[in-house]
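Single-letter residue listing:
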Amino acid sequence: MRLPRSGHGSWPFVDRDDKLRALLGIIGGPEPAAVVVSGPRGTGKTRLAQEAVAALRTRGRRTEWATATRGAAAIPLGALAHLVPVGGGGSDPTVAWQAMASALHGTPAGQSAVVGIDDAHLLDDLSAALVHRLVLTRSATVVLTVLSGLPGPELVDALWRDGLATRMELRPLTRGHVEDLLGPALRGIPDSRTCERLWQASQGSVVLLHELVEAGQETQRLQKTGGLWRWHGGTPLTERLCEVVRTQMGEVTEAERAALELLAVSGSLELQDLVALSSSEVVAALERRGLVVMERASRHPVAHVAHPLDAEVLCVRVPQALANEFRHRLAGTESVRRWARENPVRIGALLLQLDGPPRNPDVLARAASQANALSDHELAERLARAALEDHAHPAASVALAEALRWQGDHDQAEQVAGRVTASPMPAHDREDLAITRMLNRFYGLGRADQALAALGPDVASAGISGTVAAEVGKVLRLSAGEPQKATHLEDDEMPPQFSPRLAYWTAITRTIGLGLAGHTEAALSSATSAWTAVDTGSGDTETSFARAALMQGELMALELDGRIPQAEVRAVELHDATMARARSATDAVAARGRGSAALAAGRPAAAIRWLTEAATQLEESDPIGCLQLCRAQLAQAHGLLGDPVAAAQVLTAGPAPSSVRAFEPQTFLAEAWWHAADHRVPAAGEAAMRAAASAAGMEQWAVEAWALHTAARLGLAAEVGRRLQDLAGEIGSRTVRAFAAHAAAAAGSLGESLDDVAEEFSRLGARALAADAFAEAAEAHRNAGHRRRAAAAGARATALVLSGGGLHSPALDRLAPNSLTQREWEIASLAAEGVSNQGIAGRLVLSVRTVETHLAHVYDKLGINGRAALREALSFQNPF
């Protein structure tokens, strides 16, 4: 699916509305004014100025527009020639000024002309002098755009420096702005990695973002699949895109171009080496222009091309012979030789193109392992295959198997691992291989027996030390739904001497297991320890698994404990951190985390957006076995929106291939909400009870509590109350105590108690739970004859339903006929203010008879006799 090529003007004006209002506030008055709009290239300076000038034109103002260019800068009045009548275009400033002033004179009384000048930093000196005088004499309203960071004519810079003009600075678009812009521009939702890629590639430039989208659609790199726009492959360097990039880069000298091309081929280079290969003058000039930037994180400053697209366009235009010469020269630099020894992944792309030192199988294998740890599994595969070109290399084979596993090629990963198993290799590599193979067999191939066989009596034969093997085994047992074989997690202690690898495997086990059991504080403490171990570790092969598993375990612990606002914040933090790394299957785990937090918060529409993205990606690669969980939550979200058809479609999708059984309760809960959306409430309650039984069988006490509470919401409050009371005592969670109180209040139809529980759920940030409790409170109050209380509770429920984007449940469905509609609210509010029936009819364009009918319904629902009681009866908040 493609969109027709369109001009920049058809794109949304994202994050510039406030700037436009501010700009018009300055130049829109009767008195002449001047504004200098400044910003980096591509930030929308021209668009903002054009929008402002066009807005004033629609108000009847005379407007003129000029654009300065490098070519015109060599010609006096080159950019302003059309504003100077024939005969005044000489080099005499006085004559030129009189001609321009005469040309701009004669505008309507009290209305100064508006002159917009784009790229004013490129004006010739005479033009700059005329513009300065135009502003100084207040002969016209002037809007100029300049490129920040570059010196312009002295008289142009003096405008804002001397206070003659207001300076307005535009910043590059943020990632959030890019998301806001792409949605309307594509008329659909882009997935988060596509947003990240386009933001990074464009560096927040609106111009480059537009060109990238156009190029992506033209080459079908940007396609709509699974309901989302997704980017596939590398950057399509179309002729148009390259031309735009070259134009924005500007003119450079031959020496500057050579330095840029050298840096583009290398990716990065220490400053001392770049200077040695070019010159300090050239490097300084490029840095001043913002074409090269320096990282100063260490004592050796590192240079790289400032804009990713600049580097790509430079590389593609370098002749092959010259590129080979560059690589030969780079291979001999001190920085490249040191990185090959200490951090070879930093020069991974360069290593793949070299045909000699420092490239060798050991360096390539280490770079591949580091790339896996950085989640760049595509690069890891290329590096590992390069290391294996000439002969076997166990470490490279391990890295290749891991890279293939994360890219969803589990069969080939098993084949690669199997071929090298019998080869001699260092103990660390054998441990890496055994763990990779276990994880691949369990989560990728669904061969739980083979994966767990390594945990038998002869653990050493699998190549894993006993302690690490035990921790890996616990994670697999928990995933398989066998917590009793994962030992007593709360009693586990770290050995006095332990490796970072053992530290994070132990912490992962505790985070997941204790979180599911409801021991949240211990689970979160373990998560903190694990993140520290992973972040400070040496980058083991399974680091990517550790990050993904920790992400899932930590968020699950927060949600199960009812720390929903905290879970939402943490989900965003983890998603942002994932986007800062290379594209990988962890993207899907992070997206599922955001969807899960949104679902817990009672925002099913937002949950569907994220869970759809996650499910689409997990169907391609699911290295930690969370596709089943993702689908279950997606079906629950559809059910909560009252869409049984969509819920059924998700539930009947193909089976997930992994051996994970731990998320079976979530699948039963999805079935419950599917039945509820289809108005089969008894079947829904039965499914919720199956979820509770499944969770209890796996000692997932927190999950059991959530499932029992779902059963209570589906009409089985009396049946689950005692067990919820027991769990509240055992777990001690504020949320589980609220579950137990809800069940007791619902079973006894206690309106005030249900109000209290609903307030508690609101404080926890659980909209859906609070809405249900308020709906049940409204029903209980109504049955007790307390119509005003019923109306107040019903209004709170309705407000929560609306804030959640639309919610459906049996309790909310029963509420609808007895709640005030939006029209009834409008009419009742006006009547409470003393407006007559005839006055209401006139305001709302209704008949008096219709107003009377609506008011009769309002009186009945509120349990009052007439207008006199309306103000007091409507004391609760308007949900609409």
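Calculation rules
- Residues numbered from 1 in each chain as written.
- Predicted model: local features only at pLDDT ≥ 70, side-chain atom pairs only at ≥ 80, totals over all residues.
- Heavy atoms only, no water.
- Helix = DSSP H or I, 4+ residues; strand = E, 2+ residues; numbered from the N terminus.
- Contact = heavy atoms within 4.5 Å.
- Areas by Shrake-Rupley, 256 points an atom, 1.4 Å probe, with all protein chains shown as cover.
- Lys, Arg positive; Asp, Glu negative; His and termini not counted.
- Charge placed at Lys NZ, Arg CZ, Asp CG, Glu CD.
- Pairing = 2+ DSSP bridges.
- Axes fitted to C-alpha atoms, helices over the stretch in contact; angles between N-to-C directions.
- Parallel < 35°, antiparallel > 145°, perpendicular 65-115°, else oblique.
- Left-handed = near helix turned anticlockwise from the far one by under 90°.
- Expected span 1.5 Å × (residues − 1).
- Buried < 20%, exposed > 50% of the residue type's maximum accessible area, 1.4 Å probe, protein only.
- Arc of directions from axis to C-beta.
- Phe/Tyr/Trp six-rings, centres within 6.5 Å; stacked < 30°, edge-to-face > 60°.
- Lys NZ or Arg CZ within 6 Å of the ring centre and 35° of its normal.
- Polar contact = N/O pair within 3.5 Å; in protein donor to acceptor, adjacent residues only side chain to side chain.
- pLDDT = per-residue confidence, 0-100.
- Salt bridge = Lys/Arg side-chain N within 4 Å of Asp/Glu carboxyl O.

Caption draft 1: Focus on the overall build of the chain. Within the chain one finds 43 helices and eleven strands. Overall, the chain is about 95 × 95 × 45 Å in size when its C-alpha atoms are taken along their principal axes. For the chain, restricting intrachain contacts to residue pairs at least 6 apart in sequence, the fraction spanning at least 24 positions comes to 67%. For the chain, the accessible surface area stands at approximately 35,800 Å², while carbon and sulfur atoms represent 52% of it. Of the charged side chains in the chain, 86 are positive and 100 negative, and the gap between their average positions amounts to 4 Å.

Caption draft 2: Geometry of the sheet that holds strand S7 (residues 222-225). The mixed open sheet is built from three strands, whose spatial order is S6-S8-S7. Of all the strands in the sheet, the pair left with one neighbour each is strand S6 (189-190) and S7. As defined by bridge partners, S6 adjoins strand S8 (residues 228-231) across two bridges and the pair is classed as parallel. Looking at the pairing, Pro190 lines up with Trp229 of S8. Packing of helix H7 (residues 192-202) onto the sheet brings it into contact with S6, S7 and S8, and relative to S8 it is tilted by some 50 degrees.

Caption draft 3: Looking closely at the environment of Leu237. Looking at the secondary structure, you find Leu237 in the loop between S8 and helix H9 (239-249). Separated by 276 residues in the primary sequence, Leu237 and Gly513 have C-alpha atoms spaced 48 Å apart. Residues in contact with Leu237, not counting those within four places in the same chain, are Cys242, Glu312, Val313 and Val316.

Caption draft 4: How the structure looks around the packing of helix H6 (residues 175-186) against H7. At a minimum axis separation of 9 Å, H6 and H7 run at an interaxial angle of 115 degrees. Considering their axes alone, H6 and H7 lie roughly perpendicular with respect to each other. By crossing handedness, the relation of H6 to H7 is classed as right-handed. In this structure, H6 contributes Arg175, Val178, Glu179 and Leu182 to the contact, and H7 contributes Ser192, Cys195, Glu196, Leu198 and Trp199.

Caption draft 5: Spotlight on helix H14 (residues 320-331). In this model, H14 (twelve residues) spans 16 Å end to end at C-alpha, consistent with the 16 Å of a helix rising 1.5 Å per residue. By the burial criterion, the buried members of H14 are Ala323, Phe326, Arg327, Leu330 and Ala331. Each buried residue of H14 lies within a common arc of 130 degrees when the element is viewed along its axis, so the set occupies one face. Turned more than 90 degrees away from the buried face of H14 sit Ala321 and His328, all of them exposed.

Caption draft 6: Here's a closer look at the sheet that holds strand S10 (residues 292-295). Read from one edge to the other, the open sheet built from three strands follows the order S9-S11-S10, with strand pairing classed as antiparallel. At either end of the open sheet lies a strand with only one pairing partner, and these are strand S9 (269-270) and S10. As judged from the four bridges shared by S10 and strand S11 (residues 302-305), these two strands associate in the antiparallel manner. For Met294, the partnering residue across the bridge sits in S11 and is Ala303. Across the sheet, helix H10 (residues 254-266) touches S9, S10 and S11, and the angle it forms with S11 is around 100 degrees.

Caption draft 7: Representation of the packing of aromatic side chains. Using the criterion set out here, one finds six aromatic pairs in the structure. Ring centres of Tyr504 and Trp505 lie 6.4 Å apart, and the angle between their planes is 35 degrees; this geometry places the pair in the tilted category. Each member of the pair, Tyr504 together with Trp505, is buried. With a centroid separation of 6.2 Å and an interplanar angle of 50 degrees, the aromatic rings of Phe739 and Phe761 are classed as tilted. You can see Phe739 sitting in helix H35 (residues 734-747) and its partner Phe761 sitting in helix H36 (residues 751-764), a full 22 residues away along the chain. You'll find Phe739 and Phe761 in the same group, each marked buried. Three or more aromatic residues joined by ring pairs form one cluster here, namely Phe442, Tyr443, Tyr504, Trp505 and Phe545. Across the ring face of Trp160, the terminal group of Arg167 is positioned such that the distance to the ring centre comes to 4.4 Å.

Caption draft 8: Structural view of the pairing of strand S1 (residues 34-39). Here S1 lies mainly inside the structure; six of its six residues are buried. Neither face of S1 is left uncovered, since the one carrying Ala34, Val36 and Ser38 and the one carrying Val35, Val37 and Gly39 both have all their residues buried. Here S1 runs beside strand S4 (residues 141-147); their pairing, made up of six bridges, is parallel. Counted as the bridge partner of Ser38 is Val146 from S4. Examined bridge by bridge, S1 and strand S5 (residues 166-169) share four bridges and lie parallel to one another.

Caption draft 9: Highlighting helix H12 (residues 280-288). Where H12 is concerned, the buried positions are Val282, Val283 and Leu286. Taken around the axis of H12, the buried residues stretch over an arc of 95 degrees, which confines them to a single face. For H12, the exposed residues lying more than 90 degrees away from the buried face are Glu281 and Arg288. Tucked into the core, H12 has its buried residues touching H10, helix H11 (271-277) and S10.

Caption draft 10: Representation of unusual backbone geometry in the model. Looking along the chain, the bond that leaves Pro357 and enters Pro358 is cis, with omega of 10 degrees. Relative to the helices and strands, Pro358 resides in the loop between helix H16 (348-353) and helix H17 (361-373). At His679, a position not held by glycine, the phi torsion is positive, near 65 degrees. Note on placement: His679 falls in the loop between helix H32 (664-677) and helix H33 (681-697). We classify His679 as exposed; its relative accessible area is 60%. If you check the backbone angles, Ser749 has positive phi at about 50 degrees while not being a glycine. Structurally, Ser749 is set in the loop between H35 and H36. Judged by its relative accessible area of 39%, Ser749 falls in the partly exposed class.

Caption draft 11: Up close: the environment of Trp160. Mapped onto the elements of the fold, Trp160 is located in helix H5 (residues 154-161). When the C-alpha atoms of Trp160 and Leu855 are compared, they prove to be 62 Å apart, with 695 residues separating the residues in sequence. At 3.3 Å, the side chain of Trp160 forms a polar contact with the backbone oxygen of Asp157.

Caption draft 12: View of the confidence of the model for the chain. In this model, the chain carries a mean pLDDT of 88, and residues with pLDDT of at least 70 account for 92%. Confidence drops under pLDDT 50 across residues 1-9; counting only partners more than four residues distant or on other chains, this segment forms 23 contacts.

Caption draft 13: Quick peek at the pairing of S11. In this structure, S9 lies alongside S11, joined through two bridges in antiparallel fashion. Counterpart to Leu269 in the pairing with S11 is Ala303. Linking S10 to S11, which pair antiparallel, is a turn of six residues.

Caption draft 14: Main features of the pattern of salt bridges. Tallied over the entire structure, the rule returns 50 salt bridges. Between Arg603 and Glu568 there is a salt bridge; the shortest N-O distance is 2.6 Å. Remark: Glu568 occurs in helix H27 (residues 564-579) and Arg603 occurs in the loop between helix H28 (586-600) and helix H29 (604-618); sequence separation between them is 35 residues. Between Asp678 and Arg680 there is a salt bridge, with its nearest N and O atoms 3.0 Å apart. When salt bridges that share partners are traced, they join Glu270, Glu334, Arg337, Arg338 and Arg341 into one network.

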